[in-house]
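Summary of the model geometry
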Amino acid sequence: MRTGSRVLLVLLLPVWGSAAAHNGDLTVRPTCKPGFSEEDYTAFVSQNIMEGQKLLKVKFNNCAGNKGVQYETNSLDFKVRADGTMYAAHHMQMPSKQLILMVTAWDPQTLGRWEAIVRFLVAEKSQHNGHKPKGRKTMPRELAQQQSDTLLPWRQHQSANGLRRQKRDWVIPPINVPENSRGPFPQQLVRIRSDKDKEIHIRYSITGVGADQPPMEVFSIDPVSGRMYVTRPMDREERASYHLRAHAVDMNGNKVENPIDLYIYVIDMNDNRPEFINQVYNGSVDEGSKPGTYVMTVTANDADDSTTANGMVRYRIVTQTPQSPSQNMFTINSETGDIVTVAAGLDREKVQQYIVIVQATDMEGNLNYGLSNTATAIITVTDVNDNPPEFTTSTYSGEVPENRVEVVVANLTVMDRDQPHSPNWNAVYRIISGDPSGHFTIRTDPVTNEGMVTVVKAVDYEMNRAFMLTVMVSNQAPLASGIQMSFQSTAGVTISVTDVNEAPYFPTNHKLIRLEEGVPTGTVLTTFSAVDPDRFMQQAVRYSKLSDPANWLNINATNGQITTAAVLDRESDYIKNNVYEATFLAADNGIPPASGTGTLQIYLIDINDNAPELLPKEAQICEKPNLNVINITAADADIDPNVGPFVFELPSVPSAVRKNWTITRLNGDYAQLSLRIMYLEAGVYDVPIIVTDSGNPPLYNTSIIKVKVCPCDENGDCTTIGAVAAAGLGTGAIIAILICIIILLTMVLLFVVWMKRREKERHTKQLLIDPEDDVRDNILKYDEEGGGEEDQDYDLSQLQQPETMDHVLNKTPGVRRVDERPIGAEPQYPIRPVIPHPGDIGDFINEGLRAADNDPTAPPYDSLLVFDYEGSGSTAGSVSSLNSSSSGDQDYDYLNDWGPRFKKLADMYGGGEED
């Protein structure tokens, strides 16, 4: 940097009407108006500030001698004395090159508040050359003739040796521009000039946001004169400040002066109303709340500067609806917007909701200068349980039949002034006395809140004819503090019990008796009687059987005496675990009659009445003695002690039994039967064995076991042939059986062959009529016949139909040739069976005849009939030579020359000569 740099001047024009405060003209004094001498104070400070260091002195006049005026700042780092001197509250380092504060003067007598802006600018080190910075600079004498508001950002001095040295650069104070200016635009803000413009031509320019950066062209500068303008109204809510840099260059674009920082602040105007976050606020407060109870908070925001009165919002309540019991039931904190109760007497049963209109005003609530807005606060008075439930009457009555449950016998009605269907209103009923056995309960109807006295345990007329209940009602929620229960919360309930015909019952049910099986018929077993609970009714009880599976019992209809009708057998299928069950019915003669059932269980004691049976009934054994033996046991229908151990023995008669066989006892239930002799011929032998049980007296039984004696292999198992031989079949019998099986299979095979042959003959059977005389041979299916010798040389196009039918379809209606086929739908002719059967020929012809009769396109008409082409070289002539004639003189003798297929036709038409 050159030490001899020229001076860059900044000229602030008094375009905003505040120049009078800086002109120093004290000769004309306006009318006294309370406030600060300056709206914006600027002071240069060092980076390091000591505690208690004086920084600036603000001047304030309240037009009353400033008695009692107090100052405060919006920063804890700085304080203001009573004379307006600002000082540092503690040692600190300046956080940035510029610090903006707000100083407020408050007059406690008038409650007025005034504000001013204080800007601390950090001075550079070059400033400390024995000159202390001051809040205001004295203008040089050579500029005394210029405008009083001209500032010199640099001062130049000449040293003793003639060289110039440059002192520190001044920091240009910020430029304040009020928002919403009405113009005209462009409006001049400042002029930038370098004293080098006397030597060379200078071009000025500005850069930064608002100049060459979005938003573009908010500020402009005259490149020749250096005057900077604002081109349109400013909006502080859109952007509060701008930072621009001013440049000075020569005509070649070379930098002449260092760029200067320009700070432009948009001064806030009160152009925005406070806006509530919500238009409707909902809050609630309990009824009976004490004064000072918090209700809700309403909040309004102001887009203006919150550090000035323009953005300071204050709240107040405009109206309250309803104004009961007082017109001022609520108050609002003017700064925070908190709504609280201010009076007692909130009662939901009288007023359930309040509507409060709240107004928010800026300018600290000044209704003359501030802008206002309103919102609605809906305050709901919530219910507390301050009303106990009360019965509508002191006594209730009801009636209930005996032996009935889940019956509502009385409805208890109550009145509660609290909020319906809330815990403060819902009733809870209790039976205090009169029901020690718990026969009744009281349930709450959720809709009507009534108490339903319900029977939960059956009552007995013969035990209690009436009940006197004492009931009490309360709420689900406890009563509010200080609220006592009402004497009307208790009532009496009288319940009468009506007598009904009750069914007789058996005191002992199920009744169990024990006796031995086999008691004779007519034996009296017991008396199974019932009791009628209706003691106050003279009724007779009669008995009958309801269930007797084996029909073994009888009951006396009058006294219930049980006798046997048959012998009771413990081994019967009707016995389960030695117990026989029968059910009896006892019925009275009341109106209506009632009946009860009882079950009699008879435990049958076993006696030895069943002889044992030998098991198994059949067995096999080798014809020679070896380890192969027969294990035998016995089965007894009785139970212990009338069963085993069993005794097995062979009878002495016939003597061959003991000669050929022997029994070896294994234990009380099993024995082994084996051959006594060395060899026994194969066959089936009936071996009698006597089995005796251990009953008292013992019973025995002679059982027959069929033993098959057969030859055995080396493993001791009977061979197949041996098993057959042992079954009693000899070799001759076996051969006879095999022959019979072969004959049967042969017959089946012959039958199948015969059926196949018959089916084949049926398919190949010829017609009963000679084919030459059969007029129906056209329906027979023949094998495909080859064409003539020239069947490979023909032109099928001669047989094709014309490609278009326009000449037929376009013909005039009613005019039709008789030798052409009519146009119309063709009927469905029956399909010829693939393999014709003689029995189906008649049906096929009849169906084809019916279809032809109903065919509108069928002959008679002369037309060309297209047949399947069979090739050329046929010996028959063309049938197209036949012509219709009505004269009857046609000669058909040539039909005899057409071959055997036309013989019948030749006989029919050529028979005239024979007649």
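One structure accompanies this document, and this report is about it. This one's a predicted model, so the numbers in the text were calculated from it and none came from an experiment.

Thoughts on the overall build of the chain
Of regular secondary structure, the chain possesses six helices and 55 strands. For the chain, the residues scored as buried account for 35% of the 915 residues in total. Residue pairs in contact within the chain that sit at least 24 positions apart in sequence constitute 65% of those at least 6 positions apart. Total accessible area on the chain is roughly 56,100 Å²; 52% of this is exposed by carbon and sulfur atoms.

Notes on the state of the cysteines
Enumeration over the complete set of coordinates arrives at two disulfides. The side chain of C32 participates in a disulfide bridge whose partner is C63; the two sulfur atoms lie 1.7 Å from each other. Judged by the sign of its S-S torsion, about -100°, the bond between C32 and C63 is left-handed. Taken together, the positions of C32 in the loop between β1 (8-12) and β2 (35-36) and C63 in the loop between β6 (60-61) and β7 (70-73) put the pair 31 residues apart, joining distant regions of the chain. With relative accessibility at 36%, the residue C63 sits in the partly exposed group.

Brief notes about the pattern of salt bridges
Considering all chains together, one arrives at 17 salt bridges under this definition. Between E571 and R570 there is a salt bridge whose closest N-O contact spans 3.1 Å. K617 serves as the salt-bridge partner of E613, at 3.4 Å between the closest nitrogen and oxygen. For E613, a relative accessible area of 38% translates into the label partly exposed. Given a relative accessible area of 40%, K617 falls into the partly exposed group.

Section: unusual backbone geometry
Glycine aside, residues mostly have negative phi, and peptide bonds are mostly found in the trans state. The omega torsion across S324 and P325 is -5°, close enough to zero to call that bond cis. Tracing the sequence through the fold places P325 in the loop between β27 (314-321) and β28 (330-332). Its identity as a non-glycine residue notwithstanding, M363 has a phi of 55°, on the positive side. Within the secondary structure, M363 sits in the loop between β30 (353-361) and β31 (372-382). Exposure remark for M363: the relative accessible area of 23% places this residue in the partly exposed category.

Some details on the side chain of S289
Position of S289 among the secondary structure elements: in the loop between β24 (280-286) and β25 (294-297). Taking relative accessible area as the criterion, S289 reaches 11% and is therefore assigned buried. A polar contact is formed between the side chain of S289 and the backbone oxygen of D286, at a distance of 2.5 Å.

Considerations on the pairing of strand β9 (residues 85-88)
Along β9, one buried face is formed by T85 and Y87 and the opposite face, lined by M86 and A88, is buried too. Bridging between strand β5 (residues 54-57) and β9 involves three bridges; their strand directions are antiparallel. If you follow L56 over to β9, its bridge partner there is M86. By the bridge criterion, three bridges tie strand β8 (residues 78-80) to β9 in an arrangement that is antiparallel. Among the inter-strand pairings, V80 is bridged to a residue of β9, identified as M86. With antiparallel pairing between neighbouring strands as the criterion, β8 and β9 make up a hairpin whose turn holds four residues, including G84 at a positive phi of roughly 95°.

Structural notes on the packing of aromatic side chains
Remark: the centre distance and the inter-plane angle together describe each pair of aromatic rings, the angle taken between the planes. Considering all chains together, one arrives at 18 aromatic pairs under this definition. A centroid spacing of 5.1 Å and a plane angle of 75° characterise the contact between F219 and Y242, whose relative ring orientation is edge-to-face. One end of the pair, F219, is in strand β19 (residues 219-221); the other, Y242, is in strand β21 (residues 241-249), with 23 residues separating them in the sequence. Taken individually, F219 and Y242 each receive the classification buried, so the pair is uniform in this respect. Each ring, one from F391 and one from Y429, has its centre 6.2 Å from the other, and the planes form 45°; the classification is tilted. Placement of the pair is F391 in strand β32 (residues 390-391) and Y429 in strand β36 (residues 427-433), with a sequence separation of 38 residues. Classification of F391 by relative accessible area gives buried; the value is 6%. Taken together, the ring pairs connect F36, F60, Y71 and W114 into an aromatic cluster. One residue, R81, lies across the ring of Y87, its end atom 4.1 Å from the ring centre. It is R119 that lies over the ring of Y265; its NZ or CZ is 4.2 Å from the centre.

Quick notes on a positive patch on the surface
A contiguous patch of positive charge, built from K54, K57, K59 and R81, is present on the exposed surface. Within the secondary structure, K57 sits in strand β5. Relative accessible area serves as the criterion here: at 48%, K57 is assigned to the partly exposed category.

Analysis parameters
Residues numbered from 1 in each chain as written. Predicted model: local features only at pLDDT ≥ 70, side-chain atom pairs only at ≥ 80, totals over all residues. Heavy atoms only, no water. Helix = DSSP H or I, 4+ residues; strand = E, 2+ residues; numbered from the N terminus. Buried < 20%, exposed > 50% of the residue type's maximum accessible area, 1.4 Å probe, protein only. Contact = heavy atoms within 4.5 Å. Areas by Shrake-Rupley, 256 points an atom, 1.4 Å probe, with all protein chains shown as cover. Disulfide = S-S within 2.5 Å. Salt bridge = Lys/Arg side-chain N within 4 Å of Asp/Glu carboxyl O. Polar contact = N/O pair within 3.5 Å; in protein donor to acceptor, adjacent residues only side chain to side chain. Pairing = 2+ DSSP bridges. Phe/Tyr/Trp six-rings, centres within 6.5 Å; stacked < 30°, edge-to-face > 60°. Lys NZ or Arg CZ within 6 Å of the ring centre and 35° of its normal. Patch = residues over 30% accessible without salt bridge, like charges linked within 9 Å, V, L, I, M, F, W, Y side chains within 5 Å. Lys, Arg positive; Asp, Glu negative; His and termini not counted. Charge placed at Lys NZ, Arg CZ, Asp CG, Glu CD.

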